[in-house]
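Coordinates in review
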Amino acid sequence: MTTQKLNEHAEEIREQFAEHLSVSVDDVEQRLDTLVNEYQVPLEEARRSVTSHYLDRAGLERDDLQGGSQSAAIGDIDTPEEWLTIEATVVELWDPQSDSIGQVGLLGDETGTIKFTAWAKSDLPALEEGESYRLQNVVTDEYQGRFSVKLNRTTTIEQLNEEITVSERTESVTGALIDIQSGSGLIKRCPVEGCTRVLQNGRCSEHGDVDGEFDLRLKAVIDDGTTSHEVIFDRESTESITGTDLETAKNMAMDALDTSVVLDEMSEELLGRYYEVKGPAVGRYLLVEEFAAVDAPTDVDDLLIKARSI
């Protein structure tokens, strides 16, 4: 990665700690450079690692940081750990499943809907169902391709007098399933409450080495003959489309002493087949809520070759 690009990310991280810790851009950039260019760590994971380093030095939690908060529409949210300002209506409030959560529910604007969580320790004013608000300094998060926002102690809440129309972007795609991406099959997630990140080699990018919890998912590509669409099947839809439930997948992996056998079998079953999938579009992903197998066109040789060669 270029020095200029790393410098931009280093400056963003430094700004987050401006009020808490004396950090130089050069120091941040050097740490990023070591992780990204020397150890080939993905940039987003490197950013989280470096941020965690400075959080430990400052004795802070991630929610204590106040990053540069830019305005965004809900439908445009496609990156975790961004600090944003959104204007939205509270579509629905749910009962919190933990004492650590003050409020949880669904926010919406004219571009879509998104889950929100407000931590109890943040001591924020309560949001009311059906009311519209300007929420400054919320933090984005992601789980199985579904993005959410977290309200923290730096979040400011301003009630709006205007009505915000709420809609959800729903799409339908029909085509050949030509690829199943890495991070699919039998995976492990971080068990820390509110995290659920997928582990890499037994390690969570946020919480380090943890004893993960098994889950199933598919990150697939469906080609409609013109465009390739990235789609995500959660555990329920993965079990349905493959006919393999979580316990069966765990037993397969245990017998083979290798979790990759689960993905291999799923790939053999699904690649080259045609499906119609429907669900909300979040960022570049379509999150599958409904699917059905469909008949393939008469001439499928090209797509089958493409599917088997990826």
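Notes on the structure in this doc start here. (Residues numbered from 1 in each chain as written. Predicted model: local features only at pLDDT ≥ 70, side-chain atom pairs only at ≥ 80, totals over all residues. Heavy atoms only, no water.)

**What to know about helix α5 (residues 246-256)**
Regarding α5, the residues found buried are L246, A249, M252 and A253. Seen along its axis, α5 keeps its buried residues to an arc of 125 degrees; they face one direction. For α5, the exposed residues set more than 90 degrees away from the buried face come down to M254 and D255. Where α5 is buried, its residues touch β8 (185-189), β11 (213-223), α4 (235-242) and α6 (260-270). (Buried < 20%, exposed > 50% of the residue type's maximum accessible area, 1.4 Å probe, protein only. Helix = DSSP H or I, 4+ residues; strand = E, 2+ residues; numbered from the N terminus. Arc of directions from axis to C-beta. Contact = heavy atoms within 4.5 Å.)

**A short note on the pattern of salt bridges**
Applying the stated criterion across every chain, the model contains 10 salt bridges. In this structure, R189 engages D215 in a salt bridge whose closest nitrogen and oxygen atoms are separated by 2.8 Å. Here the residue R189 occupies a position in strand β8, and D215 occupies one in strand β11, the gap between them amounting to 26 residues. The residues R189 and D215 share a single accessibility class, namely buried. A salt bridge links R203 to D209, with the shortest nitrogen-to-oxygen separation between them at 3.6 Å. (Salt bridge = Lys/Arg side-chain N within 4 Å of Asp/Glu carboxyl O.)

**What about the side chain of D215?**
What makes D215 buried here is its relative accessible area of 6%. In terms of polar contacts, D215 uses its side chain to reach the side chain of R189, at 2.8 Å. (Polar contact = N/O pair within 3.5 Å; in protein donor to acceptor, adjacent residues only side chain to side chain.)

**A look at a negative patch on the surface**
Among the surface-exposed residues, D258, D264, E265, E268 and E269 lie close enough to one another that they form a single negatively charged patch. Structurally, D264 is set in helix α6. With a relative accessible area of 49%, D264 lands in the partly exposed category. (Patch = residues over 30% accessible without salt bridge, like charges linked within 9 Å, V, L, I, M, F, W, Y side chains within 5 Å. Areas by Shrake-Rupley, 256 points an atom, 1.4 Å probe, with all protein chains shown as cover. Lys, Arg positive; Asp, Glu negative; His and termini not counted. Charge placed at Lys NZ, Arg CZ, Asp CG, Glu CD.)

**So, the packing of α5 against α6**
One can describe the packing of α5 onto α6 by two numbers: an axis separation of 8 Å at closest approach and a directional angle of 120 degrees. Classed by the angle they form, the pair α5 and α6 counts as oblique. Within the contact between the two elements, α5 uses A249, M252, A253 and A256 and α6 uses V261, V262 and E265. Across the contact of α5 with α6, the residue classes tally to six nonpolar, no polar and one charged. (Axes fitted to C-alpha atoms, helices over the stretch in contact; angles between N-to-C directions. Parallel < 35°, antiparallel > 145°, perpendicular 65-115°, else oblique. Nonpolar A, V, L, I, M, F, W, Y, C, P; charged D, E, K, R; others polar.)

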